[in-house]
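# Structural characterization, general
Here's the letter readout for the chains.
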Amino acid sequence: MANVITLFKKYIDLLDEVYAQASLTSCLDSDPELARAGANANEIVIPKLSMDGLADYSRNDGYVAGNVTMVYETVAYNYDRGRKFDVDNMDNEETAGLAFGKLSAEFIRTCVVPEMDAFRMATYAGTEDISTTAPADLTTGEAVIAAIRAAVSKMDEDEVPKEGRILYITPTKKGMVDDLDTTKSREVFKGFSRIVEMPQSRFYTAIKLMDGKSSGEEAGGYTKADDAANINFMIIHPSALMQYPKHTVNKVISPAENQDKDAWRFFYRAYGLADVYENKRAGIYLHKATT
């Protein structure tokens, strides 16, 4: 069985690559070197730095002593989802491996990534004390430009770094601005390090994750929550986030060991953390619709 797992490992190693290529939020992933494993398997330890500000300098006594404190905060992963799926037995292991590679890539592209993007956006949008404004339905390009400029001004006033800001906006709202084809419309996008067009189907203030077992939820996946609103756009500075994803295929069962059918069985699990630093919530700006 060890040789079988080695064979499939070359496909398993590509799962993160598939995720990075398909995900619209992978650019927000935090530096893994800043975190370390917690005492439990579902925990991660994040460093938090705090320090005293300036004090008066005295010609007689010199400098006032200050404190710099780095503590590690333990945070539990808040996203844990999985599925098992089968690939019919093939004439040779290499063909089975190829089938698994194609199946897993399609599964991540069509099922895993959209849900993970939606979960992250909803989590950040639902965080208390982030920057936001009154809900509004933006129906013209001029309205979108005005809303984005107001958001940028708010973040500037809150001293969020200008460099590195990412604008997430629905294709419809971005198209309204593009259609203006004016200097004003082009200027509004220049200040962002990246502009990501997020489909509305992944862009809600809250989602419901289907458990895959209850009546009506057998298909799994997610849907817009009953009390959720559509998001028009969000501006995010990645430094405000704790975003650590993991993708694993933690078990491979051969047809000889599969008691249910003559098929290879794979167990896929995706879990991770999507959270916001308490002292950096100004690094997220939310503009949502009225509905």
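Structure: above.
Everything numeric here is computed off the predicted structure, so don't read it as measured data.

Rules used in this analysis
Along each chain, residue indices are assigned from 1 in the same order as the chain's sequence is written. At least 70 in pLDDT is required for a residue's local features to be given in this predicted model, at least 80 for side-chain atom pairs to be given and counted, and no such filter applies to totals for whole chains, interfaces and linings, which use all residues. As a rule here, side-chain values come from all non-hydrogen atoms in the structure, and water together with hydrogens is ignored. Secondary structure follows DSSP: runs of H or I at least 4 residues long count as helices, runs of E at least 2 residues long count as strands, and numbering of each begins at the N terminus. Partly exposed describes any residue whose relative accessible area lies between the buried limit of under 20% and the exposed limit of over 50%, with all areas from a 1.4 Å probe on protein chains only and scaled to the type maximum. Per-residue accessibility takes into account occlusion by the displayed protein chains alone, with areas from the Shrake-Rupley method and a 1.4 Å probe. We treat two strands as partners when DSSP finds at least two bridges between them. Counting rule applied: Lys, Arg positive; Asp, Glu negative; His and chain ends not counted. By definition here, a salt bridge exists when the distance from a side-chain nitrogen of Lys or Arg to a carboxyl oxygen of Asp or Glu is within 4 Å. Contacts are assigned to residue pairs with any non-hydrogen atoms lying within 4.5 Å of each other. Residues grouped as a nonpolar core are buried Ala, Val, Leu, Ile, Met, Phe, Trp, Tyr and Cys residues, joined through side-chain atoms within 4.5 Å. To get an axis, fit a line to the C-alpha atoms, keeping to the stretch in contact for a helix; angles then go from 0 to 180 degrees between the N-to-C directions. For classification purposes, angles smaller than 35 degrees are called roughly parallel, those larger than 145 roughly antiparallel, those between 65 and 115 roughly perpendicular, and all remaining angles oblique.

Within the chain, the regular secondary structure consists of 6 helices and 13 strands. In the chain, buried positions account for 43% of the 291 residues. Summing over all exposed atoms, the chain offers an accessible surface of approximately 16,000 Å²; the carbon and sulfur share of this is 48%.

Further remarks concern the pairing of strand β10 (residues 231–236). In terms of burial, β10 is largely enclosed, as 6 of its 6 residues are buried. Note that strand β6 (residues 166–169) and β10 share 4 bridges and pair antiparallel. Its bridge partner lying in β10, I169 is registered against F233. As defined by bridge partners, β10 adjoins strand β13 (residues 284–288) across 5 bridges and the pair is classed as antiparallel. Bridge pairing in β13 links I231 to K288.

Before going further, it helps to examine the side chain of K173. With respect to the element layout, K173 can be found in helix α5 (residues 171–180). Buried charged residue K173 carries no salt bridge. Nearest counter-charge: D137, at 7.0 Å. Ignoring any residue separated from it by four or fewer positions in sequence, one finds K173 in contact with L138, V144 and N232.

With that settled, consider the nonpolar core. Counting residues in each nonpolar core, the largest one holds 42 residues, and the members touching the most others are M121, Y124, Y168, M234, I236 and I284. Those elements that provide at least two residues to this core are α2 (15–22), β4 (79–88), α3 (93–125), β6, β10, β11 (241–253), β12 (263–276) and β13. Take this core: its biggest share by element is 12 residues, from α3.

Turning next to unusual backbone geometry. A positive phi angle is found at D129, which is not glycine, with a value near 70°. Mapped onto the elements of the fold, D129 is located in the loop between α3 and β5 (131–132). D129 gets classed as exposed once you look at its relative accessible area, which sits at 65%. A positive phi angle is found at D181, which is not glycine, with a value near 50°. Note on placement: D181 falls in the loop between α5 and α6 (183–187). What makes D181 exposed here is its relative accessible area of 57%.

Let us look at the sheet that holds β6. Strand order in the open sheet made by the 5 strands is β5-β13-β10-β6-β7, with mixed pairing throughout. Each edge of the sheet is formed by a strand with only one pairing partner; in this case those strands are β5 and β7 (194–197). Lying on the sheet, helix α4 (residues 141–157) is in contact with β5, β6, β10 and β13; it crosses β10 at an angle near 30°.

With that settled, consider the pairing of β13. Most of β13 is tucked away: 4 of the 5 residues are buried. Where β5 meets β13, 2 bridges bridge the pair, whose relative direction is parallel. Paired with T132 across the strands is L286, a residue of β13.

Position of S30 among the secondary structure elements: in the loop between α2 and β1 (36–37). S30 gets classed as buried once you look at its relative accessible area, which sits at 13%. Look past the residues within four positions of S30 in its chain and what remains in contact with it is L241, M242, Q243 and Y244.

As a further point, take the packing of α4 against α5. In the contact formed by α4 and α5, the axes pass within 8 Å of each other and the chain directions differ by 110°. When the axis of α4 is compared with that of α5, the two are roughly perpendicular. Residues G141, E142, V144 and I145 of α4 lie in contact with α5, whose contacting residues are K173, M176, V177 and L180.

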